[in-house]
Amino acid sequence: MPALLPIDALLIAACAWLVLGIAGLVAPRNLRFISKTLFPLGALVGMMVGLVALGFLGESPEVAVLAIGLPDLPFHLRLDNLAAVFALLLGFASVGISIFAAGYFRKGEGTAPGLMCLQYHIFLASMLMVLLADDAYAFMVAWECMALSSFFLVTTDHRHAEIRRAGYLYLLIAHIGAIAILLSFGVMSSGSGDYSFAGMRAQSLSPFWGSAAFLLALLGFGAKAGLLPVHVWLPEAHPAAPSPVSAMMSGVMLKTAIYGLLRVSFDLLAEPLWWWGVVAMSIGLATAVFGVLYSTVQSDMKRLLAYSSIENIGLLAVGIGLTLIFHAYRMESLAALAMTAVLYHCLAHAGFKSLLFLCTGSVLHATRERSLGKLGGLIHRMPWVAWLALAGVIASAGLPPLSGFVSEWLLLQSFLFSPGLPHPWLNMVVPVAAAVVALVAALAGFAMVKFYGIIFLGQMREENLKDAHDAGPWERVGLVWLAGLTLALGVLPSTVIGFIDAATRQLLGTGLADKVREHGWWMLAPISPERASYEPLIFLATIAAAVLLGRQLVRRLYHGRLRRSAAWDCGYVFQSARAQDTAEGFSQPIRRIFEPMFRMERHFPTIRDEKPYYSVKVEDHFWHWLYLPVARLAERGSRLITRLQGGRIAIYLLYSFLTLIVLLLVARP
Amino acid sequence: MNLAVPLSSQLINLFASVILLLAFAMLAQRRVLALINLFALQGLTLALSTLVVAVTTGQTHLYWSAGLTLVLKALLLPWILHRLVRRLEVKGDVESLIKVPTTMLVGIALVIIAFNVALPISQLSNTISRGTLGIALATVMLAFLMMITRSKAIPQVVGFLAMENGLFLAATSATYGMPMVVELGIALDVLVGAIILGVFFFQIREQFDSLDIRHLEKLKER
Amino acid sequence: MNVFGFLGQMFAIALALLLAPLLTGWVNQCRAWLQNRSAPPLLQPYYMLHKLFLKDVVLAHGASPLFRFAPFVVFGCMVLACAIIPTLSTDLPLAPAADTIALVGVFGLARIFIALAAMDVGTSFGTLGGRREMLIGFLAEPALLMVIFTTAMISQSTSVATIVETLAHRDFIIYPSLAFAGIAFTFVSFAENARVPVDNPATHLELTMIHEAMILEYSGRHLALIEWAASLKLYAYSCLGLALFFPWGIAEGDSFLGLLLAIPVLAIKLAIGGALLAGIETINAKVRIFRAPEFLGTAFLFAVLGLLVRLLLEGRV
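Residues numbered from 1 in each chain as written. Chains lettered and ligands numbered in written order. Predicted model: local features only at pLDDT ≥ 70, side-chain atom pairs only at ≥ 80, totals over all residues. Heavy atoms only, no water.

1. As for the overall build of chain C
Step number 1: Counting its regular elements, chain C contains 11 helices and one strand.
Step number 2: Mapped in sequence order, the helices and strands of chain C form the string α-α-β-α-α-α-α-α-α-α-α-α.
Step number 3: In terms of overall size, chain C behaves like a compact globule, its C-alpha atoms giving a radius of gyration of 19 Å where 317 residues would be expected to give roughly 20 Å.
Step number 4: Its C-alpha atoms give chain C principal-axis dimensions of about 60 × 45 × 40 Å.
Step number 5: For chain C, with 317 residues in total, the buried portion stands at 68%.
Step number 6: The long-range fraction of contacts in chain C, counting pairs at least 24 apart against all pairs at least 6 apart in sequence, stands at 81%.
Step number 7: For chain C, the accessible area works out to roughly 9900 Å², and carbon and sulfur atoms hold 69% of it.
Step number 8: Averaging the positions of the 18 positive and the 19 negative side-chain charges in chain C gives two centres separated by 7 Å. (Helix = DSSP H or I, 4+ residues; strand = E, 2+ residues; numbered from the N terminus. Rg over C-alpha atoms; globule rule 2.2 N^0.38 Å. Buried < 20%, exposed > 50% of the residue type's maximum accessible area, 1.4 Å probe, protein only. Contact = heavy atoms within 4.5 Å. Areas by Shrake-Rupley, 256 points an atom, 1.4 Å probe, with all protein chains shown as cover. Lys, Arg positive; Asp, Glu negative; His and termini not counted. Charge placed at Lys NZ, Arg CZ, Asp CG, Glu CD.)

2. Observations concerning the overall build of chain B
Step number 1: Counting its secondary structure elements, chain B contains seven helices and zero strands.
Step number 2: Taken from the N to the C terminus, the helices and strands of chain B come in the order α-α-α-α-α-α-α.
Step number 3: If you take every contact in chain B between residues at least 6 apart in sequence, the share linking residues at least 24 apart comes to 77%.
Step number 4: Of the roughly 10400 Å² that chain B leaves accessible, carbon and sulfur atoms contribute 68%.

3. Points about the interface of chain A and chain C
By convention, interface size is frequently given as the accessible area that disappears when the constituent parts associate.
Step number 1: Contacts between the two partners involve 80 residues from chain A, matched on the other side by 81 residues from chain C.
Step number 2: Taken over both partners, the interface formed by chain A and chain C buries close to 7200 Å², and the fraction arising from carbon and sulfur atoms is 71%.
Step number 3: Where chain A packs against chain C, one counts three salt bridges.
Step number 4: Across the pair Asp-56 of chain C and Arg-563 of chain A runs a salt bridge, and its minimum N-O distance is 3.8 Å.
Step number 5: Taken together, the connections running from chain A to chain C amount to 33 residue pairs in polar contact (both at pLDDT 80 or more).
Step number 6: At 16 residues, the largest contribution of residues to the side of chain A that touches chain C is made by helix 16 (residues 426–456) of chain A. (Buried area = accessible area lost by both parts, 1.4 Å probe. Salt bridge = Lys/Arg side-chain N within 4 Å of Asp/Glu carboxyl O. Polar contact = N/O pair within 3.5 Å; in protein donor to acceptor, adjacent residues only side chain to side chain.)

4. Overview of the interface of chain B and chain A
Step number 1: Listed per partner, the contact involves five residues of chain B and five residues of chain A.
Step number 2: Counting each side, the surface lost to burial between chain B and chain A is near 550 Å², with a carbon and sulfur contribution of 76%.
Step number 3: Inspection of the chain B/chain A interface yields zero salt bridges.
Step number 4: Scanning the region where chain B abuts chain A turns up zero residue pairs in polar contact (both at pLDDT 80 or more).

5. Comments concerning unusual backbone geometry
Step number 1: In the segment running from Leu-228 of chain A into Pro-229 of chain A, the intervening peptide bond is cis, with an omega of -5 degrees.
Step number 2: Examined against the element boundaries, Pro-229 of chain A turns out to sit in the loop between helix 8 (207–225) and helix 9 (234–240).
Step number 3: Its identity as a non-glycine residue notwithstanding, Asn-36 of chain C has a phi of 65 degrees, on the positive side.
Step number 4: Tracing the backbone shows Asn-36 of chain C in the loop between helix 1 (3–34) and helix 2 (44–54).

6. So, the pattern of salt bridges
Working definition: two side chains of opposite charge can pair if their charged atoms are close together.
All names here are of chain A.
Step number 1: Scanning all chains against the criterion turns up 23 salt bridges over all chains.
Step number 2: Across the pair Arg-201 and Asp-267 runs a salt bridge, and its minimum N-O distance is 2.8 Å. Linking Arg-201 in helix 7 (residues 197–202) with Asp-267 in helix 10 (residues 243–268), this pair joins segments that are 66 residues apart in sequence.
Step number 3: The class of Arg-201 is partly exposed, set by a relative accessible area of 24%.
Step number 4: For Arg-263, the salt bridge goes to Asp-267, with nearest N and O atoms at 2.6 Å. Pair noted here: Arg-263 and Asp-267 are both in helix 10, with a separation of four residues, about one helical turn.
Step number 5: Judged by relative accessible area, Asp-267 falls into the buried class, the value being 15%.
Step number 6: It is possible to trace a salt-bridge network through shared partners that takes in Arg-78, Asp-80, Arg-201, Arg-263 and Asp-267.

7. Section: the confidence of the model for chain C
Step number 1: Averaged over every residue, the pLDDT of chain C is 86; residues scoring 70 or more account for 96%.
Step number 2: Scored as a whole, the predicted complex attains pTM 0.91, and scored at its interfaces, ipTM 0.93. (pLDDT = per-residue confidence, 0-100.)

8. Description of helix 16 of chain A
Residue and element names in this part refer to chain A.
Step number 1: The end-to-end C-alpha distance of helix 16 is 44 Å, a good match for the 45 Å that 31 residues give at a rise of 1.5 Å each.
Step number 2: Burial within helix 16 is extensive, with 29 of its 31 residues counted as buried.
Step number 3: Just downstream of helix 16, Gly-458 is the residue with a positive phi angle, here 80 degrees. (Expected span 1.5 Å × (residues − 1).)

9. Topic: the nonpolar core
Residues and elements named next belong to chain A.
Step number 1: One finds Phe-86, Phe-139 and Phe-415 to be the most contacted residues of the largest nonpolar core, which totals 425 residues.
Step number 2: The element contributing the most residues to this core is helix 13 (residues 332–367), with 23 residues.
Step number 3: Excluding residues that lie within four positions of it along the chain, Phe-139 makes contacts with Val-130, Ala-133, Ile-181, Phe-185, Phe-197, Phe-221 and Tyr-259. (Core = buried A, V, L, I, M, F, W, Y, C linked by side-chain atoms within 4.5 Å.)

10. Some thoughts on the environment of Phe-256 of chain C
Step number 1: Among the secondary structure elements, Phe-256 of chain C is positioned in helix 10 (residues 256–283).
Step number 2: Along the chain, Phe-256 of chain C and Gly-220 of chain C lie 36 residues apart, while their C-alpha atoms are 40 Å from each other.

11. Some points on the state of the cysteines
Step number 1: Enumeration over the complete set of coordinates arrives at zero disulfides over all chains.
Step number 2: With no disulfide of its own, Cys-30 of chain C lies 16 Å from the sulfur of Cys-239 of chain C, the closest cysteine sulfur. (Disulfide = S-S within 2.5 Å.)

12. Looking at a nonpolar patch on the surface
All names here are of chain B.
Step number 1: Taken together, the side chains of Leu-41, Leu-44, Leu-48, Leu-51, Val-55, Tyr-63, Leu-70, Val-71, Leu-75, Leu-76 and Trp-79 define a hydrophobic patch exposed on the protein surface, amounting to about 960 Å² of accessible area.
Step number 2: Elements represented by at least two residues in the nonpolar patch include exactly helix 2 (32–57) and helix 3 (60–88).
Step number 3: With six residues, the top contributor of residues to the nonpolar patch is helix 3.
Step number 4: For Leu-70, the position within the fold is in helix 3. (Patch = residues over 30% accessible without salt bridge, like charges linked within 9 Å, V, L, I, M, F, W, Y side chains within 5 Å.)

13. Thoughts on the environment of Thr-149 of chain B
Step number 1: Of note, Thr-149 of chain B is situated in helix 5 (residues 133–149).
Step number 2: Residue classification places Thr-149 of chain B among the buried residues on the basis of a relative accessible area of 1%.

14. Some thoughts on the side chain of Glu-281 of chain C
All names here are of chain C.
Step number 1: Tracing the backbone through its elements, the reader meets Glu-281 in helix 10.
Step number 2: Here Glu-281 falls in the buried class, since its relative accessible area comes to 2%.
Step number 3: Sequence-distant contacts of Glu-281, that is, excluding residues within four places in its chain, are made with Val-27, Arg-31, Phe-190, Arg-195, Val-196 and Pro-201.

Shown next, in the form of structure tokens:
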């Protein structure tokens, strides 16, 4: 009997997820059975996926053929290192999210729990199949399953009109993206009729068609990932979905789009052109700046995180662009550095963004409130969630010693080499792009301080927050798992790079692992220790030692006495929760400095107002510049077409008859 | 990689960079008097840079142009401008049509463009100061930008003069300066231009009670 | 790691801890002289620290554990920063732990903690201070990073020790880009250390304060640690500036004689630097808060310009 191959194991996992989903239908209203049995089992399967992918990394690709689908068109599947890195991400992130979900769902919220369980597990299985697909057909089937299942998950609370609207928008843009991806695959097969990825690899496209395929793929996967200007669904869908689903979509699903982009641009298209990288980088920079600016001015906590996801996707696109530029000039070791940054950031973002979304889920459960202006002081009532969220916040702000910093560090290191590019414009413009990346990273810190400070710190802004309860045991386990991943990715960069290096090696022919391994597991020195090095463990240990020594010495030499008293606040007597900054107040400097970037509707109080109030609403320029005109155009077009609609069946039959005749005339061989 | 570069060339690069720095400082400056002082400083740096080129290459006419620059741009013109400001009683800040940070961002873009445009030209040249051609071009562009974005007359004149500084730098860096006759002619032109503009200012103010050149918009035919 | 290097590292940290309040005292004294006031004693910051350590901590009712934890973290971050910036010698065993990019990260980490702590009690001034600090931070951080990029491109390295070694011990070359970087760095360090054009370390006027607004609720040992950390930050920035732009005199490798010689050189450089700082503070007026972004934006652009000049004039990497 042959040993169980990793690809088979992953297929079994996908089937297991499906079975778990269907099992939910057995007792769709039995919440206890579904949440306490099926979701934990799903987490186990996720663990298996992660471990199998981890074990596979570094092996040679495996293929399988599934005889399902149309006749003569079976599913081709392939597990290679790139897919394994993302399967690893999917598996490990889903462990935390599934366990959290076990404690999250309550009775009587929209969709029946059994149906929810089905949709959730189909979502997981289809994401895994997207990673394994080796032909356009299987890929698109899995891709659409993923889009549909996530659409149903987004509209769980379908009783609210705005949630239905968000779901519709999501579905619409997902399909625009899917069409673009389909076209891209069509271009890549270049009329040969062979839609397997192996066939596409064998094609050598002319620069024109290659560029067309790349741009279509960028649009298609960009629509799923949330790149400008097809990002508008993201800040609508993420807040609408239940928190575990938002976590799954933001942490994992966006990464499948990144996976697709990497697959197309580095694997299927053999010869990248340098300007592809410039396009990807420009869009990425615009997306990152846009995302981070909008995330700082949001007043809804999940929207804030959604915009922060847009920012991170922008940074990933910048990394991919940089990799493409280096790759096009055959500077493979530098391309490997940038690629490692991209893959690392995918993993890091999956960890910390899932963590933060789940934290907002706990807050939402405890307070029934998503608006930042009605939260505050929750660290006193929800210490577990608050302290674990702190890890996510630090990582998301790109600060050492957690995971976000490592990828930012790698990205900046690869930017430092960009003056060596043999192109007279690029070697000046690209280093300046690093300045924008630095600005984005710093602004992310602003957004995260706002997120954390307004939700968890300060005085409680509403009376009912006093009854908030901390996360339950299942939720805590899920949060701890994700925070642990964030910490591990932060302090063990060399080990992690040793794993994900296989994917870099597969795509670029060279990797970082050899150089990284030379200097021991605690040190990250991708080029040489003289050039650059980072030792997060020693970093952490030094700060910890200073903290502990300082504390002990102060207590030994002086004392540890402490008294409680009212807050000082410069002696102001009137100290109410209303005197704190609101969410809008906190971001006022950003709105002021970057005023042209926002479309604001403001109401200022005047002296004569009986009940003076100030309100501000920040809207997306893209709605007014791009989407509304397109919508109006479509509406006008449909109105024209309505004239064809007479209501008489004879006329309709005439239309069909005429069409038939025209087709017969035109389609003659 | 820089070990082969002689000290004189390094000095020229340094001075050229200072000129660029001052051009940016002028772009960011809001006060008229400080603007004129920065301009004087730029003239001084330009003179020093020309002097270094002169000493290194031993070309006598460059000594003359260095001296001329010093007298004209670092002393005479700033003095005239100072007098003008005092006589015209220009007060307060320089008004800018676009926000200063935005102007600076545009300035950065211009610098990138200038550097890249100048790169192929400077590769043709074989002077010791060829690297600074890009900076010279950038200075011209920044001065132009200043003329575009400022709404008051005096900053516009300063921008005009700073542009001439950039051209002068370009001339020294690409070909060790223009022939003496041309240089004298330009110097005279600039001087006369400044004086005429000074007279012109008085006329503008008589007419509009202000030096805001946006008033000139009224002069169009309806 | 040899014993000598380890001792050198410990000595550098101890020196930073001891010298930092003295630097603050020196700057305060210079400021007082220049402003025609009678100066406080040079050792006043030490008396302050001692007094604050002796006092009880008075904690607001609404303060969470994060509030008590933050001063220690800020202090720890600053100790690490001082440990990796070469002051006397470039032979620092801790230096590989964090390069210049990570150094910016350390300052960022400290900033986040102090801003969060400021928001913790939930007073109006606390949140105001936190917001303003983040406003300064998001502009200062990229500017600092760009300064570091310029130096890193000159020395082909982001490791602080290598940068300083390249600048200090190779043949003397004029780097025009460093002039831009130096100006940008000066701007940034004024903003980061709550100095006059951006903030006033001596103010308690509610509308203008940034740093002071954040630490209003702190008292006793917590306040002492924060004050000490602020001194350490000033020391770290001064040493970083000196190391990047005036690196001469820093000992190379592990020569004991060089180390001995480096101490007086460092003292002199710091004394001059502190006096200059006080001088600049005296001749400038504090700008209003919305001019501060412009001030820092200028720093950011100068740093980027330095990078460009580096690329144009000083050859390709």
